[in-house]
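Chain residues, written in single-letter form:
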Amino acid sequence: MAAAAALRCNPRPSAAVALRGAAAAPQVGNEAAFELLVGATEPCLRGRRRGAGIRCQRSAAASAVVVEKKSRAVEPAREGANAGHTESELTVVMKFGGSSVASAERMREVADLILSFPEERPVIVLSAMGKTTNKLLMAGEKAVGCGATNVSELDELTFIKELHFGTIDQLGLDRSIVSGLSDELEQLLKGIAMMKELTLRTRDYLVSFGECMSTRIFAALLNKLGVKARQYDAFEIGFITTDDFTNADILEATYPAIAKRLHGDWVTGPAIPIVTGFLGKGWKTGAITTLGRGGSDLTATTIGKALGLREIQVWKDVDGVLTCDPNIHPNAKPVPYLTFDEAAELAYFGAQVLHPQSMRPAREGDIPVRVKNSYNRRAPGTLITKARDMSKTVLTSIVLKSNITMLDIVSTRMLGQYGFLAKVFSIFEDLGISVDCVATSEVSISLTLDPSKLWSRELIKQANELDHVIEELEKIAVVHLLQHRSIISLIGNVQRSSLILEKAFNVLRTNGVNVQMISQGASKVNISLVVHDSEAKQCVQALHSAFFESGFLPEVNDILQDDSVAHSNGTVYRH
Ligand SMILES: Nc1ncnc2c1ncn2[C@@H]1O[C@H](COP(=O)(O)OP(=O)(O)O)[C@@H](O)[C@H]1O
Ligand SMILES: N[C@@H](CC(=O)OP(=O)(O)O)C(=O)O
């Protein structure tokens with residue numbers, strides 16, 4: 001090995017790094033801002049240093065990158081705590097969702113926000129502007145039936161062009177930044193119209209235009225402001241995925257590949273990387289893939305792990321992860337701390353705020369994730385780490401996942417038959433269908449099916465496919481298909497399940513709601529209740545009021561406090 005480059009992150013918080021003479025955050029457009037953000041260029045390949053985090057070692061001979069993982073202490077990261085980073089290292093990843101970059105004004109705001117952290121050397125991940133992804137999908141659906149000659153007139157195409165060219169004009173940038181992509185998009189839609197077909201593969205290619213355009217515009221904006229930035233298409237820099245179009249998984253090879261590329265470019269010519277969220281490249285097909293809706297969160301955490309960054313920040317349009325979906329209950333409040341397990345469960349069971357898989361790389365790399373509001377920078381947001389003090393935690397958040405399908409499966413064999421559960425689950429495995437919640441007895445199983453998986457496999461659209469599942473199951477059981485159900489997930493401390501369930505059932509009984517299935521399972525943080533869709537929102541509202549707005553939790557906390565004091569005195573033990 002001729003030389004080794006080390007990427008590492010020292011999580012040790014300390015006093016903020018001196019700003020080399022700059023007392024206040026620099027203004028956008030200030031050349032000094034770039035100096036502060038990018039720092040001085042250091043020799044490309046440095047000796048390997050001791051420390052925690054992920055170390056990336058470059059072998060000059062094989063041009064390969066070896067990623068070594070070392071354990072790191074769990075400490076909440078602090079803004080401005082880059083004491084362990086040298087200027088040759090990127091420090092944080094900041095992801096901005098569609099709502100954060102929805103217009104020229106918003107892009108300016110985000111640029112200003114990034115520059116207000118002069119001590120950071122960030123990697124920026126961007127989603128498509130505003131509702132661009134939805135518009136692209138709608139344009140694709142319409143193109144299937146509108147005829148090639150009418151494609152140019154599609155409202156959605158007009159909207160997308162006006163949004164992007166309008167933004168470029170307002171920012172004083174050159175239209176050529178995206179004009180090639182815009183022509184290519186129109187060509188693609190004409191192709192779809194000619195073929196009268198929109199495959200999942202084409203769908204991914206189609207939606208990729210959103211992130212490809214937003215990142216080009218934003219990189220040009222930063223450059224215009226005198227802050228050197230470099231645009232990257234994720235599918236060109238090593239985001240390798242499975243070939244499951246519309247719902248691809250990131251493969252391990254991604255980590256060393258993107259670490260090598262982003263770090264390598266940074267040390268040779270520092271410029272803030274602006275990376276497309278949501279996109280990857282299928283390892284077999286070589287085609288553009290997407291990571292599932294909201295997948296830019298996963299792009300950000302993947303980069304965080306790959307580079308061993310100090311912190312992953314996801315900037316949204318809400319003050320962090322909230323006690324429930326604010327669209328269901330306006331009194332939803334920010335949750336200050338979460339564990340990776342809680343956040344993953346919350347996301348998996350339907351909280352739109354985070355992508356369901358996004359916690360995995362952060363947990364593996366043990367990198368804190370901060371959810372912040374780009375519209376309200378001062379709000380503290382939510383800090384997600386490996387562990388937190390759960391001793392006072394009862395309920396953290398309530399999540400709703402609607403329109404799920406539930407199956408009641410009762411064995412036709414005699415009681416005591418072994419292998420029933422195995423047979424049922426092998427049918428789901430064969431059909432590649434993922435199951436959310438399960439409740440079992442010796443001869444019956446109730447389970448719910450993941451709607452997103454069903455959707456992506458188009459099983460719901462093609463009812464006969466779901467019939468096929470039932471046909472297979474009916475060989476061994478009597479099956480009842482129950483549609484239009486909802487899962488209400490109570491995310492919190494399952495150690496206190498009796499307390500949570502006592503309160504929850506009280507609320508549900510008062511509201512005349514019958515719970516159709518309960519699943520607590522092995523999860524330490526989630527109790528799931530299945531109710532009918534028509535009752536679900538009202539249930540969440542009532543539960544939220546009871547747990548978070550009635551003084552219940554402070555009351556319980558007092559009891560828990562008394563308990564722990566009494567217990568530590570060895571006098572009373574009351575649970
Ligand atoms: N528990 C929750 N906490 C916060 N936001 C939630 C929650 N459940 C649903 N949401 C919705 O998620 C939205 C933020 O997620 P998303 O739209 O994916 O953001 P972005 O596009 O900025 O990444 C919020 O505007 C809110 O409406
Ligand atoms: N643009 C993609 C990816 C994404 O992550 O978006 P957002 O960050 O706005 O949720 C989507 O709409 O799904």
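This one's a predicted model, so the numbers in the text were calculated from it and none came from an experiment.

Bringing helix α11 (residues 420–431) into the picture now. Over its 12 residues, α11 runs 17 Å from end to end, which matches the ideal 16 Å to within 8%, given 1.5 Å per residue. Those residues of α11 not exposed but buried are Phe420, Val424, Ile427, Phe428 and Leu431. All buried residues of α11 lie within an arc of 95° about the axis, which places them on one face of the element. In α11, those exposed residues whose orientation departs by more than 90 degrees from the buried face are Ala422, Glu429 and Asp430.

Glancing now at the sheet that holds strand β11 (residues 337–339). Taken in spatial order, the eight strands make up an open sheet running β5-β7-β4-β3-β10-β12-β13-β11, and their pairing is mixed. The sheet is open, and its two borders are formed by β5 (229–232) and β11, each paired with just one other strand. Across the sheet, the axes of successive neighbouring strands diverge by a mean angle of 20°, strand direction being ignored. In this sheet, strand β12 (residues 369–373) lies alongside strand β10 (residues 311–316) in parallel orientation, the contact comprising five bridges. The partner of lysine 316 across the bridge, within β12, is asparagine 373. Along the sheet face, helix α7 (residues 254–268) touches β4 (122–126), β5 and β7 (272–276) and points at about 155° away from the line of β5. Sheet contacts for helix α9 (residues 340–348): β11, β12 and β13 (382–385); angle to β11, the most-contacted strand, approximately 85°.

Further remarks concern the sheet that holds strand β6 (residues 240–241). What links the strands of a sheet is backbone hydrogen bonding, and the strands pair in either a parallel or an antiparallel sense. Taking strand neighbours across the sheet as the criterion, the three strands line up as β6-β8-β9 in an open arrangement whose pairing is mixed. In this open sheet, the two edge strands, each paired with only one partner strand, are β6 and β9 (288–290). Bridge analysis of strand β8 (residues 279–282) against β9 gives three bridges, and the strand direction is antiparallel. For glycine 280, the partnering residue across the bridge sits in β9 and is threonine 289.

Structurally, threonine 241 is set in strand β6. Here the side chain of threonine 241 touches threonine 289 through a polar contact of 2.8 Å, side chain to side chain. When near neighbours in sequence (up to four residues on either side) are disregarded, threonine 241 contacts Ala248, Asp249, Ile250, Leu251, Gly280, Lys281, Gly282, Trp283, Thr289 and Leu291.

Another point: the domain arrangement of the protein. As far as domains go, the protein holds domain 1 (92–130 + 211–388) and domain 2 (396–534). The gap between the C-alpha centroids of domain 1 and domain 2 is 32 Å. Every contact between the two is made by 18 residues of domain 1 and, on the other side, 21 residues of domain 2. Regarding the contact of domain 1 and domain 2, the summed buried area is about 1,400 Å², with carbon and sulfur atoms giving 57% of it. By the criterion of area lost to domain 2, the three top residues of domain 1 are Glu345, Tyr348 and Phe349, representing 43% of everything that side buries. Run the count over domain 1 and domain 2 and you get zero salt bridges. Taken together, domain 1 and domain 2 are joined by eight residue pairs in polar contact (both at pLDDT 80 or more). A per-element tally of the side of domain 1 that touches domain 2 places α9 first, with five residues. Per-class residue counts for the side of domain 1 that touches domain 2 are nine nonpolar, four polar and five charged.

Here the focus is the pattern of salt bridges. Per the stated rule, a full pass over the model turns up 19 salt bridges. With a shortest N-O distance of 2.5 Å, glutamate 186 and lysine 161 are connected by a salt bridge. With glutamate 186 in helix α5 (residues 176–195) and lysine 161 in helix α4 (residues 155–170), the pair connects residues that are 25 residues apart, well separated along the chain. On the accessibility criterion, glutamate 186 (12% relative accessible area) is buried. Classification of lysine 161 by relative accessible area gives partly exposed; the value is 27%. Note that arginine 388 is salt-bridged to glutamate 342, the shortest N-O span being 2.8 Å. Here the residue arginine 388 occupies a position in the loop between β13 and β14 (395–411), and glutamate 342 occupies one in helix α9, the gap between them amounting to 46 residues. Residue class for arginine 388 comes out partly exposed when judged on its relative accessible area of 22%. With a relative accessible area of 0%, glutamate 342 lands in the buried category. Residues joined by salt bridges that share partners form a network here, namely Lys95, Asp297 and Lys316.

Let us look at the nonpolar core. If you look at the biggest cluster of nonpolar residues, it comprises 82 residues, and the most contacted ones within it are Ile303, Leu354 and Leu490. With eight residues, helix α15 (residues 533–548) is the largest single contributor of residues to this core. Per-domain counts for this core show at least three residues from each of domain 1 (92–130 + 211–388) and domain 2 (396–534). The next biggest cluster of nonpolar side chains, apart from the first, holds 56 residues, and it includes Leu136, Leu173, Cys212 and Ile274.

Of note, lysine 196 is a non-glycine position whose phi angle comes to about 55°, a positive value. Position of lysine 196 among the secondary structure elements: in the loop between α5 and α6 (200–224). Among the residues examined, lysine 196 registers a relative accessible area of 62% and is labelled exposed. Look at asparagine 403: it is not a glycine, yet its phi comes out positive at around 55°. Mapped onto the fold, asparagine 403 is located in strand β14.

Cut-off values and rules
- Residues numbered from 1 in each chain as written.
- Chains lettered and ligands numbered in written order.
- Predicted model: local features only at pLDDT ≥ 70, side-chain atom pairs only at ≥ 80, totals over all residues.
- Heavy atoms only, no water.
- Helix = DSSP H or I, 4+ residues; strand = E, 2+ residues; numbered from the N terminus.
- Expected span 1.5 Å × (residues − 1).
- Buried < 20%, exposed > 50% of the residue type's maximum accessible area, 1.4 Å probe, protein only.
- Arc of directions from axis to C-beta.
- Pairing = 2+ DSSP bridges.
- Axes fitted to C-alpha atoms, helices over the stretch in contact; angles between N-to-C directions.
- Contact = heavy atoms within 4.5 Å.
- Polar contact = N/O pair within 3.5 Å; in protein donor to acceptor, adjacent residues only side chain to side chain.
- Domains from an automatic or database assignment.
- Buried area = accessible area lost by both parts, 1.4 Å probe.
- Salt bridge = Lys/Arg side-chain N within 4 Å of Asp/Glu carboxyl O.
- Nonpolar A, V, L, I, M, F, W, Y, C, P; charged D, E, K, R; others polar.
- Core = buried A, V, L, I, M, F, W, Y, C linked by side-chain atoms within 4.5 Å.

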